Amino acid sequence: MDLSKKLHTLGKEEHDFSKGSVLGNILRLSLPLVAAQFINVLYNIVDRMYIGRIPGASSDALTGVGVAFPIITAITAFSSLIGTGGAPLCSIARGKGDEKKAEQIMGNSFFMALLAGAVLTAAGLLTKEPLLYALGASNATFGYADDYISIYLLGTLFVMISLSMNGFINCQGFARTGMLTVLIGAVLNIILDPVFIFVFHLGVKGAAIATVISQMASALWIVLFLTGKETLLKLRTASMKPELSCIKDILALGLSGFIMSATNCGVQIVCNITLKSFGGDVYVGIMTIMNSVREVLSVPATGMTQGAQPVLGYNYGAGAYQRVKSCIKIMSAICMGYTTVVWIITLIVPQAFILMFNGGEEMLRLGVPAMRIYFFGFCFMSLQFAGQSVFTGLGKARHAIFFSLLRKAVIVIPLTLWLPNVAGLGVHGVFLAEPISNFIGGTASFVTMLCTMWPVLSGKKKN
């Protein structure tokens, strides 16, 4: 009996982030999340690796999928609107001990994911042809872009569920279960990709089919867990009833995540069009590789900051401000150290990353200098991640929205359009816009976070 009570208590403390080591809580959530994100990125990257090696079509096929990226990013933006808005609010409600409110937030988020998935599927299928041409498709690459996105759009509902609802598993402390969500989809995708692409000779269509099946499996896993016996917060039909005030709060906080993803979409569009104008299809392919490499190398930093959000929100809701401050210090130091190391590696061996996607001589010759420019000062990106994560985790919607807009919409997009025309920079001006925005936007976000939140958190409550 005593042993049973101890195990029960231990189980409860595992999901109570106001107890134990702050670093331990962060690592317990962030390490599985980092692994999950690596797997998630991997199964997107695997598509591109296989596509880049389709016999007789490698360059055009990779460029075509790159043209379709902004549409995929737009879908991700809507999942961020729901996930990054609902999960932190759910953590804060848990910290306050209000589980009914936490379940309402989760249920309303699920309702929004279903609605958004249906609307985005219909809108995407109706507008895909003019949209792909507007995004930079040429006659040589349109067929590949259309083949991929037409099938991908059919799985939009599964993408919305898997991306927006997995945060509700993590915010309860079930980080390993959250990792399994992504692992299931990734393993399926890695197995199915070569089968559909090369065995069934479906090419780009095969890559899209594999992705849709994988996302469907991940979405099913999430629904089964959140409606099952192990979860602390249950996904109930009653909690899915739309509550205007709840939806408003989710959208207000999630708007920062949406803007980050939506502005990424805008940046991809502007980059593709500008690169096609100044350098042709080959540079659109190079930017596809740059985006892929950045996704992989950013994972530990984004995983650490996102893994810290439930700890930040829970302790903030519980009034444990000193623990919140400790969390910010630990998260920021780890991220800055990691991204500095990454910057050095990309300067020394950029060709190793390019060869992962395409072994063509032209891609390598043009891609190496582009990568050195693009990743210059990569460490400053971690300041953006850390500052943004604190604002989101503590429910500070306005600050989070402002800095989401600043780096991409206010800095990157104008620079991408302007720099290629300055001093003959051409395509190098497009790649230069990213490091400049990392320095300005990242520094501004982090310094503002320290100036606005640190005095609030210095008010003495619980330790």
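Residues numbered from 1 in each chain as written. Predicted model: local features only at pLDDT ≥ 70, side-chain atom pairs only at ≥ 80, totals over all residues. Heavy atoms only, no water.

Looking at the pattern of salt bridges
Enumeration over the complete set of coordinates arrives at four salt bridges. Two residues, Arg236 and Glu103, come together in a salt bridge whose shortest N-O distance is 2.9 Å. Highlighted residues: Arg236 in the loop between α8 (203–226) and α9 (244–278) and Glu103 in helix α4 (residues 99–134), separated in sequence by 133 residues. With a closest N to O distance of 3.6 Å, Glu434 and Arg407 form a salt bridge. Note that Glu434 is positioned in helix α16 (residues 427–457) and Arg407 in helix α15 (residues 397–418), a separation of 27 residues in sequence. Residue class for Arg407 comes out buried when judged on its relative accessible area of 6%. (Salt bridge = Lys/Arg side-chain N within 4 Å of Asp/Glu carboxyl O. Helix = DSSP H or I, 4+ residues; strand = E, 2+ residues; numbered from the N terminus. Buried < 20%, exposed > 50% of the residue type's maximum accessible area, 1.4 Å probe, protein only.)

Considerations on the confidence of the model for the chain
The predicted coordinates should not be examined in detail at positions where pLDDT is low. Per-residue confidence for the chain averages 87 on the pLDDT scale, and 94% of its residues sit at or above 70. Of all the helices and strands in the chain, helix α1 (residues 2–14) carries the lowest mean pLDDT, 42, while α4 carries the highest, 96. Low pLDDT (under 50) marks residues 1–13, which in the prediction has one contact with non-local residues, meaning those over four places away or in another chain. (pLDDT = per-residue confidence, 0-100. Contact = heavy atoms within 4.5 Å.)

Considering the packing of helix α14 (residues 380–393) against α15
Helix-helix packing is described using two parameters, namely the angle between the two axes and the distance between the axes. Where α14 meets α15, the axes come as close as 8 Å, and the angle between the chain directions of the two elements is 155°. It follows from the interaxial angle that α14 and α15 lie roughly antiparallel. In this structure, α14 crosses over α15, and the sense of that crossing is left-handed. The segment α14 lies against α15, with Met381, Gln384, Gln388, Phe391 and Thr392 engaging His399, Ala400, Phe403, Ser404 and Arg407. In terms of residue class, the contact of α14 with α15 is built from four nonpolar, five polar and one charged. (Axes fitted to C-alpha atoms, helices over the stretch in contact; angles between N-to-C directions. Parallel < 35°, antiparallel > 145°, perpendicular 65-115°, else oblique. Left-handed = near helix turned anticlockwise from the far one by under 90°. Nonpolar A, V, L, I, M, F, W, Y, C, P; charged D, E, K, R; others polar.)

Some points on the side chain of Glu434
Residue class for Glu434 comes out buried when judged on its relative accessible area of 4%. Other than its neighbours up to four places away in sequence, Glu434 contacts Arg294, Tyr374, Met381, Arg407, Lys408 and Val412.

Thoughts on α4
Residue pairs spaced three or four apart in an α-helix point in one direction, given the helix's 3.6 residues per turn. The sharpest bend along α4 measures roughly 70° and falls at Lys128, with the proline Pro130 sitting one to four residues further on. After α4 finishes, the residue Gly136 shows a positive phi value of roughly 115°. (Bend = angle between axes of the 7 residues up to and from the residue.)

Section: empty space enclosed by the protein
One pass over the full model with this rule turns up three cavities of 30 Å³ or more. Computed from the structure, the second largest cavity encloses a volume of approximately 110 Å³. Lining the second largest cavity are 14 residues, and of these Val267, Asn291, Arg294, Tyr374 and Glu434 lie nearest its centre. Where the lining of the second largest cavity is concerned, the elements lending two or more residues are α9, α10 (281–317), α15 and α16. Broken down by element, the lining of the second largest cavity gets its largest block of residues, four residues, from α9. A breakdown of the residues in the lining of the second largest cavity according to their chemical character gives seven nonpolar, four polar and three charged. (1 Å grid on protein atoms, 1.4 Å probe; cavity = no way out; pocket = protein on both sides within 12 Å on 5 of 7 lines; lining within 4 Å. Points joined across faces, edges and corners; volume = space filled by probe spheres on them.)

Focus on the side chain of Ser332
With respect to the secondary-structure elements, Ser332 resides in helix α11 (residues 321–348). Since its relative accessible area comes to 13%, Ser332 is described here as buried. Every residue in contact with Ser332, bar those within four places of it in the chain, is listed here: Ala386 and Phe446.

Things to note about unusual backbone geometry
Unlike most non-glycine residues, His201 shows phi in positive territory, near 55°. The residue His201 is located in the loop between α7 (175–199) and α8 in this model. Residue His201 is classed as exposed on the basis of its relative accessible area, which comes to 68%. At Ala423, a residue that is not glycine, the phi angle is positive and equals roughly 50°.

Here's the deal with the packing of aromatic side chains
By the definition in use, this model includes 15 aromatic pairs. The interplanar angle of 70° and the centroid separation of 5.2 Å between the aromatic rings of Phe174 and Phe225 together place this pair among those described as edge-to-face. With a gap of 51 residues between them, Phe174 in the loop between α6 (156–170) and α7 and Phe225 in helix α8 connect regions that are remote in the sequence. For the pair Phe174 and Phe225, a shared accessibility class is recorded, and that class is buried. (Phe/Tyr/Trp six-rings, centres within 6.5 Å; stacked < 30°, edge-to-face > 60°.)

Concerning the environment of Ile222
Here Ile222 shows up in helix α8. Leaving out residues up to four positions away in the same chain, Ile222 has contacts with Ile161, Ser162, Met165, Asn166, Ile169 and Thr181.

Examining α9
Taking 1.5 Å of rise per residue, the 35 residues of α9 would be expected to cover 51 Å, and the 48 Å separating its terminal C-alpha atoms lies within 8% of that figure. The largest bend along α9 measures about 45° and falls at Gly254. One or two steps after α9, the chain reaches Gly280, where phi turns positive at roughly 90°. (Expected span 1.5 Å × (residues − 1).)

A closer look at the packing of α4 against α6
It is at 8 Å that the axes of α4 and α6 come closest, and there the two elements cross at 160°. Overall, the two elements α4 and α6 adopt an arrangement that is roughly antiparallel. As α4 runs across α6, the sense of the crossing is right-handed. In this structure, α4 contributes Ile105, Met106, Ser109, Phe110, Ala113, Leu114, Ala116, Gly117, Leu120 and Thr121 to the contact, and α6 contributes Thr156, Leu157, Met160, Ile161, Ser164, Met165 and Phe168. Grouping the constituent residues of the contact of α4 with α6 by class yields 12 nonpolar, five polar and no charged.

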